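# Commentary on secondary and tertiary structure
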Amino acid sequence: MKKRILAYGRLSEVQLAQLSREFEVQQFHGLASADDPEFRAALHEAHGLIGSSVAIPAELLDEAPNLEAIASVSVGYDNYPVAALTQRSILLCNTPDVLTETTADTGFALIMATARRVVELADFVRRGDWQKSIGPAHFGSDVHGKTLGLVGFGRIGAAVARRGALGFGMRVRYAMASPKPALEAELGAERRELDELLAESDFVCVTVPLSEATRHLIGAHELARMKPSAILVNIARGPVVDEAALIESLEMGRIRAAGLDVFEQEPLSPESPLPYMANVVALPHIGSATHETRDAMAQRAVDNLILALSGERPISLVNEDAWETRRGA
Ligand code: 8YV
């Protein structure tokens, strides 16, 4: 009998057909929450899950006695109860690598857009306010030759740094990561304590994963360390930055601007002032959102799930310990 999987992410026809050859597939289009009664009921029989952007709380696992693997269409796994999954030997798979360059492109787009005030000034033209040659009130600041500080220096942080160092002649500093001698040699990057990096950087780009250790890592104290001319970019997870403290810093002119792809609440609450602030560029979590990359992520998740449910090691596995127990079992 075929194993049963629940699919709640966007998959191509080809990917669905690939899954259907192996499994009984039940699709949930537009699933907003794991609380959905139909989804909860289906969990009882499910061996695998594939999807993203839906938080799976640990309690829900009691309703999924047959679950063997989850293939998330994302690199981040803050939506999953990793310890509880490992304890039950449920494999958690993610999609690193295939989205690194695209997400770094998004980071750089935010660096450029905030520094050169691209969105604000495009709006200025759209409103018909461009009546004479612009002056210093509309000037931005240079990106090339400046100091780029990466908070987190994993795959995506390194890819942003590479763009800065090799494309824009930027000095690269990094914090919240173990020493990376190869990247130091390649990019001239230097490791700093977080406070030092914040004080030194013209652009602070947050790329660290969300965990209890990084929740509100950038708060009022950290923002106060930044130069008044500096710009904060967040392409990681909203809760890594204390949003209330950030709004206050921006309003008081304690930092110059922010480029944000992620927020404490997503979709962003209509009450949030952030999208309406002239010195903020707010994007709807588009980090990896290109046709090519989302397709590659979905394919990686499909491949991970097929391998996991046929007893083979998935390509990208978050909880190695669960694999060890399953293999030993
Ligand atoms: C999207 C992401 O949130 O991969 C991640 O961790 O943040 C994203 O690419 C989404 O999960 C895409 O399906």
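The notes below deal with the structure included here. This one's a predicted model, so the numbers in the text were calculated from it and none came from an experiment. (Residues numbered from 1 in each chain as written. Predicted model: local features only at pLDDT ≥ 70, side-chain atom pairs only at ≥ 80, totals over all residues. Heavy atoms only, no water.)

Moving on to the overall build of the chain. Secondary structure assignment for the chain yields 12 helices and 12 strands. Radius of gyration (C-alpha) of the chain: 22 Å, near the 20 Å computed for a compact globule of 329 residues. Projected onto its principal axes, the C-alpha coordinates of the chain cover approximately 70 × 45 × 35 Å. A buried classification covers 49% of the 329 residues belonging to the chain. Nonlocal contacts in the chain, meaning residues at least 24 apart in sequence, comprise 61% of its contacts between residues at least 6 apart. (Helix = DSSP H or I, 4+ residues; strand = E, 2+ residues; numbered from the N terminus. Rg over C-alpha atoms; globule rule 2.2 N^0.38 Å. Buried < 20%, exposed > 50% of the residue type's maximum accessible area, 1.4 Å probe, protein only. Contact = heavy atoms within 4.5 Å.)

Overall, the coordinates contain 4 aromatic pairs when judged by the stated rule. On the basis of an interplanar angle of 90° and a centroid distance of 5.3 Å, the ring pair of Phe-28 and Phe-39 is categorised as edge-to-face. Taken together, the residues Phe-28 in the loop between strand E2 (23–27) and helix H2 (37–43) and Phe-39 in helix H2 connect sequence positions 11 residues apart. Of the two residues examined, Phe-28 and Phe-39, each falls in the buried class. Plain terms: the ring middles of Phe-153 and Tyr-174 are 4.3 Å apart, the flat faces sit at 20° to each other, and that makes the pair stacked. Of the two residues, Phe-153 sits in the loop between strand E6 (147–151) and helix H6 (155–168) while Tyr-174 sits in strand E7 (residues 171–175), which places them 21 residues apart along the sequence. Taken individually, Phe-153 and Tyr-174 each receive the classification buried, so the pair is uniform in this respect. Clustering of aromatic rings is evident, with ring pairs tying together Tyr-8, Phe-28 and Phe-39. (Phe/Tyr/Trp six-rings, centres within 6.5 Å; stacked < 30°, edge-to-face > 60°.)

We now examine the side chain of Thr-207. Relative to the elements of secondary structure, Thr-207 occurs in the loop between strand E9 (203–206) and helix H9 (220–225). Here Gly-152 takes part through its backbone oxygen, which lies 2.7 Å from a polar atom of the side chain of Thr-207. Aside from chain neighbours lying at most four places away, what touches Thr-207 is Leu-150, Val-151, Gly-152, Phe-153, Ile-156, Gly-157, Ile-235 and Ala-236. (Polar contact = N/O pair within 3.5 Å; in protein donor to acceptor, adjacent residues only side chain to side chain.)

It is worth spelling out the pattern of salt bridges at this point. Taken as a whole and assessed by the stated rule, the structure comprises 22 salt bridges. Note that Glu-120 is salt-bridged to Arg-117, the shortest N-O span being 2.9 Å. Residue Glu-120 is classed as partly exposed on the basis of its relative accessible area of 24%. Notably, a salt bridge pairs Asp-195 with Arg-225, separated by 4.0 Å at the nearest N-O pair. Of the two residues, Asp-195 is situated in helix H8 (residues 194–200) and Arg-225 in helix H9; the sequence distance between them amounts to 30 residues. (Salt bridge = Lys/Arg side-chain N within 4 Å of Asp/Glu carboxyl O.)

Next up on the list: the pairing of strand E1 (residues 3–7). Across 5 bridges, E1 lies against E2 in parallel orientation. Residue pairing in the sheet places Leu-6 in a bridge with Gln-26 of E2. For the handedness criterion, the β-α-β arrangement of E1, helix H1 (residues 13–22) and E2 is classed as right-handed. Where E1 meets strand E3 (residues 48–51), 3 bridges bridge the pair, whose relative direction is parallel. In the strand pairing of E3, Ala-7 is matched with Ile-50. (Pairing = 2+ DSSP bridges. Right-handed = clockwise from strand over helix to strand, strands pointing away.)

Taken in spatial order, the 7 strands make up an open sheet running E8-E7-E6-E9-E10-E11-E12, and their pairing is parallel. A single partner strand is all that each edge strand has here, and the edge strands are strand E8 (190–191) and strand E12 (280–282). In this structure, strand E11 (residues 257–260) lies alongside E12, joined through 3 bridges in parallel fashion. The residue bridging Leu-260 from the neighbouring strand is Ala-282, located in E12. On top of the sheet, helix H10 (residues 243–251) reaches strand E10 (231–234), E11 and E12; it is set at about 140° to E11, its chief contact. (Axes fitted to C-alpha atoms, helices over the stretch in contact; angles between N-to-C directions.)

Around the ligand, the neighbouring residues are Ser-52, Val-73, Ser-74, Val-75, Gly-76, Leu-99, Arg-237, His-285, Ser-288, Arg-294 and Met-297. In the environment of the ligand, an oxygen atom lies 2.7 Å from a nitrogen or oxygen atom belonging to the side chain of Arg-237. Taken by itself the ligand offers 330 Å² of open surface, and the protein chains cover 88% of this. Counted by class, the shell around the ligand contains 4 nonpolar, 5 polar and 2 charged residues. (Near = heavy atom within 4 Å. Areas by Shrake-Rupley, 256 points an atom, 1.4 Å probe, with all protein chains shown as cover. Nonpolar A, V, L, I, M, F, W, Y, C, P; charged D, E, K, R; others polar.)

Among the nonpolar cores identified, the biggest contains 53 residues, and Leu-19, Ile-50, Leu-150, Phe-153, Val-160 and Leu-305 are the most heavily contacted of them. Looking at this core element by element, the count peaks at 8 residues for helix H11 (residues 291–309). Residues within four places of Val-160 in sequence aside, it is in contact with Ala-104, Phe-108, Ile-111, Leu-148, Leu-150, Cys-205 and Ile-235. Within the second largest apolar cluster, 29 residues are counted, among which are Ala-175, Leu-194, Leu-223 and Met-277. (Core = buried A, V, L, I, M, F, W, Y, C linked by side-chain atoms within 4.5 Å.)

Orientation of H1 relative to H11, taken along the N-to-C sense of each, is 5°, at an axis distance of 10 Å. Classified by the angle their axes make, H1 and H11 are roughly parallel. Note on element contacts: H11 touches H1 through Asp-295, Ala-298, Gln-299, Val-302, Asp-303, Leu-305 and Ile-306, opposite Gln-15, Gln-18, Leu-19 and Glu-22. Here the contact of H1 with H11 is built from residues that sort into 5 nonpolar, 3 polar and 3 charged. (Parallel < 35°, antiparallel > 145°, perpendicular 65-115°, else oblique.)

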